[in-house]
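Tertiary structure, described
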Amino acid sequence: MTSIDEALLIPMNLPPFARRLLRPLLDPYRRYRNAKLIHAVRVSIGLLATILLTTGLNLPHGEWASVTMLVVIGGLQHHGNIGKKAVERAYGTLIGASVGLLLVVQEAYVGQPLLTYLLMSVVCGFFSYHAIGKGGYTALLSAITVFIVAGHGSNPLSDGLWRTVDILIGIALALAFSFALPLYAVYSWRYNLASALRDCAAIYSRIISGQSVTDDEHLKLLNRLNAAMLQLRSLMPSVSKEVRISMTELDAIQRHLRMCISTLEILGNTRPDPRDEQGMARLQLALKTQHRQIRVQLIAMARALQTGAAQRLERASPVPAEQPSPDTPVHSALDGYRMLTAQLAANIDEMHARLAKSVKAWNI
């Protein structure tokens with residue numbers, strides 16, 4: 001296992017107090033645990049920078065730079081999302097500003113307010129049509145920017161140009177601050193997946209040890225796993241953009257986790273009666289190899305994801321015992337239980353292989 005200093009890439013020649021000072025900032029796990037605080041501080045400093053810059057340069061309508069800063073990164077923690085939203089905001093700004101400036105010019109030369117209102121309504125209706133579906137954020141921002149730049153068509157052309165400049169400044173500063181201690185979505189994906197794998201190991205331990213699968217503790221673990229599944233799914237697009245792992249590969253890992261959870265639920269309902277101590281003892285002896293393999297693999301994957309110790313995934317996985325064929329007839333509940341255990345071990349082994357294959361991408 002790598003040392004903390006090696007994992008964080010902190011130079012060893014720094015004084016001890018400097019290493020202690022830098023560790024909370026460079027440790028991905030601590031940044032993940034304090035993501036909301038880091039995000040709040042970053043947005044606050046970013047807003048202060050936009051205010052000082054626009055007021056220092058005495059730019060007209062400088063408040064729109066601050067508004068843009070909030071729009072781009074105010075509600076987004078993850079670096080992958082910020083980059084995507086900034087690009088969409090830039091496109092929306094340029095399209096909306098161009099249309100707004102054209103409307104201002106039209107108003108100045110034609111001088112027909114009712115025509116301007118009609119054109120603005122038609123244009124924004126067009127953007128609203130495209131605001132539902134792919135590219136909706138860009139279309140919506142284009143419509144909003146039309147009014148920011150043109151007002152109701154009576155704004156001076158110079159005001160529209162300055163507001164466009166202020167918005168572009170806000171986008172540039174938002175992108176710059178998104179690179180300051182970036183909160184990568186892959187961190188949240190790694191640590192949530194690690195937590196889910198530990199919960200799977202805890203549930204499996206409860207099942208094979210004969211503990212209740214209907215008490216509050218067991219149900220709490222299952223509910224936490226279901227919530228983790230939803231959160232991991234929402235993170236996948238951002239993770240794919242940040243570390244260049246295909247959505248297909250991420251979906252395969254998610255599918256293995258889902259199959260693991262489903263199999264555990266079935267195992268909990270098909271295991272022999274825990275009150276049959278002799279039966280449970282024989283089962284433990286017969287499935288000893290699979291039990292050890294499953295628990296070792298789950299914990300090894302969780303530790304690798306949380307610590308970044310890739311060698312835990314590079315080690316050869318335990319050789320599974322001979323597995324029954326899917327066509328093997330099931331004569332009793334015990335045969336079904338053994339087959340499900342073998343399938344669970346095979347599924348976890350495949351998940352282990354996929355994580356090992358993509359470790360260079362997600363281990364940042």
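Residues numbered from 1 in each chain as written. Predicted model: local features only at pLDDT ≥ 70, side-chain atom pairs only at ≥ 80, totals over all residues. Heavy atoms only, no water.

A side chain with one charge may pair with a side chain of the opposite charge, provided their charged atoms come close. Summed over the entire model, instances satisfying the criterion amount to 5 salt bridges. A salt bridge links Arg233 to Asp251; the shortest N-O distance between them is 2.9 Å. In this pair, Arg233 sits in helix 11 (residues 216-243) while Asp251 sits in helix 12 (residues 247-270), placing the two residues 18 residues apart along the sequence. You can call Asp251 partly exposed: its relative accessible area is 25%. When the shortest N-O distance is used, the salt bridge between Arg354 and Glu249 registers 2.9 Å. (Salt bridge = Lys/Arg side-chain N within 4 Å of Asp/Glu carboxyl O. Helix = DSSP H or I, 4+ residues; strand = E, 2+ residues; numbered from the N terminus. Buried < 20%, exposed > 50% of the residue type's maximum accessible area, 1.4 Å probe, protein only.)

A positive phi angle, close to 55°, is found at Asn58, a residue other than glycine. As for its placement among the helices and strands, Asn58 is situated in the loop between helix 4 (35-56) and helix 5 (63-73). By relative accessible area, Asn58 is classed as exposed at 64%. The backbone of Arg244 sits at a positive phi, close to 60°, despite the residue not being glycine. In this fold, Arg244 is placed in the loop between helix 11 and helix 12.

Further remarks concern the nonpolar core. With 51 residues, the main nonpolar core has Trp189, Leu193, Leu197, Leu257, Leu355 and Trp362 as its most contacted residues. Top contributing element to this core by residue count: helix 10 (residues 185-208), with 15 residues. Residues contacting Trp362, with those up to four places away along its chain left out, are Val186, Trp189, Arg190, Ile245, Ala304, Leu305, Leu313 and Leu355. Grouped together as the second largest cluster of nonpolar side chains are 14 residues, Val43, Leu59, Ile167 and Ile169 included. (Core = buried A, V, L, I, M, F, W, Y, C linked by side-chain atoms within 4.5 Å. Contact = heavy atoms within 4.5 Å.)

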